[in-house]
Amino acid sequence: MTWDALWPLLWQGTLDTLWMVVPAALCAQLIGTALGVLLTLTRPDGLHPQRPLFRVLDAAVNVGRSLPFIILLVLLIPFTRLITGTSIGSTAAIVPLTVAAIPFVARLVDGALKDVPRGVVDAARAMGASTAQTVFKVLLPEARPALIHAFTVMIVSLIGYSAMAGAIGGGGLGDLAIRYGYQRFETGVMIATVAALLVLVQLTQWAGDRAAARSDHR
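A brief structural summary.

Here is what the cut-offs are and how they apply
- Residues numbered from 1 in each chain as written.
- Predicted model: local features only at pLDDT ≥ 70, side-chain atom pairs only at ≥ 80, totals over all residues.
- Heavy atoms only, no water.
- Helix = DSSP H or I, 4+ residues; strand = E, 2+ residues; numbered from the N terminus.
- Buried < 20%, exposed > 50% of the residue type's maximum accessible area, 1.4 Å probe, protein only.
- Contact = heavy atoms within 4.5 Å.
- Areas by Shrake-Rupley, 256 points an atom, 1.4 Å probe, with all protein chains shown as cover.
- Phe/Tyr/Trp six-rings, centres within 6.5 Å; stacked < 30°, edge-to-face > 60°.
- Salt bridge = Lys/Arg side-chain N within 4 Å of Asp/Glu carboxyl O.
- Core = buried A, V, L, I, M, F, W, Y, C linked by side-chain atoms within 4.5 Å.

Across its full length, the protein holds 10 helices and 0 strands. From first element to last, N terminus to C terminus, the protein shows the α and β order α-α-α-α-α-α-α-α-α-α. Buried positions account for 42% of the 218 residues belonging to the protein. Restricting to contacts in the protein with at least 6 residues of sequence separation, those with at least 24 account for 70%. For the protein, the exposed area adds up to about 11700 Å²; of that, 67% sits on carbon and sulfur atoms.

Printed below as a string of structure tokens:
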């Protein structure tokens, strides 16, 4: 395949990949952060220990993280059809990508919040800070660099997941690699697709590292 023929396919595949990854990342970050905060608050040494609730949430997160993404894609086909009206295409792939990333984000957020020095939290509580104030004015700001790193890792993972979604018609660069690079034995297309994915990952990691460094005022 000539470059003139490949370029439009590669550009459209990149746009489709971004269309899948960006909404999924934003939704997963929002829901996953809330779940991670809840895990931190309800754990036995948290601000509001709730052992039964913590065990349920912790188990749910572990189960969600243990499911291989390709299996999750198939399991969520009925739910994806319910939400988007179809199970094929870039828009449909947003649903399983979001569901797959939520427990991943929740665990990363929980870990980041646990690393906040206990003395900082105790000082805020001693000054009369409510739970909401402690979370939004102490825990989340103190953990901001780690949370940005977690967000970066999640986006990089979603880029890889989006390529996997192409195996079942999810669109994007993965679909381009499967249909042209693998099924039609177009080695050049495969190499170009891998290069595009590497560029996306490197740009994401670079931007995430810079944002985390700028937010770290320690």
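Next up on the list: the packing of aromatic side chains. All chains considered together, the criterion is met by 1 aromatic pair. Judged by centre distance (4.7 Å) and plane angle (10°), the ring pair of F69 and Y161 falls under stacked. Remark: Y161 occurs in helix α8 (residues 144–165) and F69 occurs in helix α3 (residues 69–75); sequence separation between them is 92 residues. Residue classification places F69 among the buried residues on the basis of a relative accessible area of 6%. For Y161, a relative accessible area of 27% translates into the label partly exposed.

A separate point is the pattern of salt bridges. Enumeration over the complete set of coordinates arrives at 4 salt bridges. Among the ionic pairs, R43 bridges to D110, the shortest N-O distance being 2.5 Å. One end of the pair, R43, is in the loop between α1 (3–42) and α2 (51–66); the other, D110, is in helix α5 (residues 90–114), and 67 residues separate them in sequence. Both residues of the pair, R43 and D110, belong to the buried class. Across the salt bridge formed by D122 and R118, the nearest N and O atoms sit 3.3 Å from each other.

Here the focus is the nonpolar core. Membership of the largest hydrophobic core comes to 44 residues, with the highest contact counts inside it found for F69, L113, L158 and L173. Taken together, the elements giving at least two residues each to this core come down to α1, α3, α5, α7 (131–142), α8, α9 (172–182) and α10 (187–215). Take this core: its biggest share by element is 10 residues, from α5. Ignoring anything within four residues of it in the chain, the contact list for L158 reads V21, A24, A25, L97 and A101.

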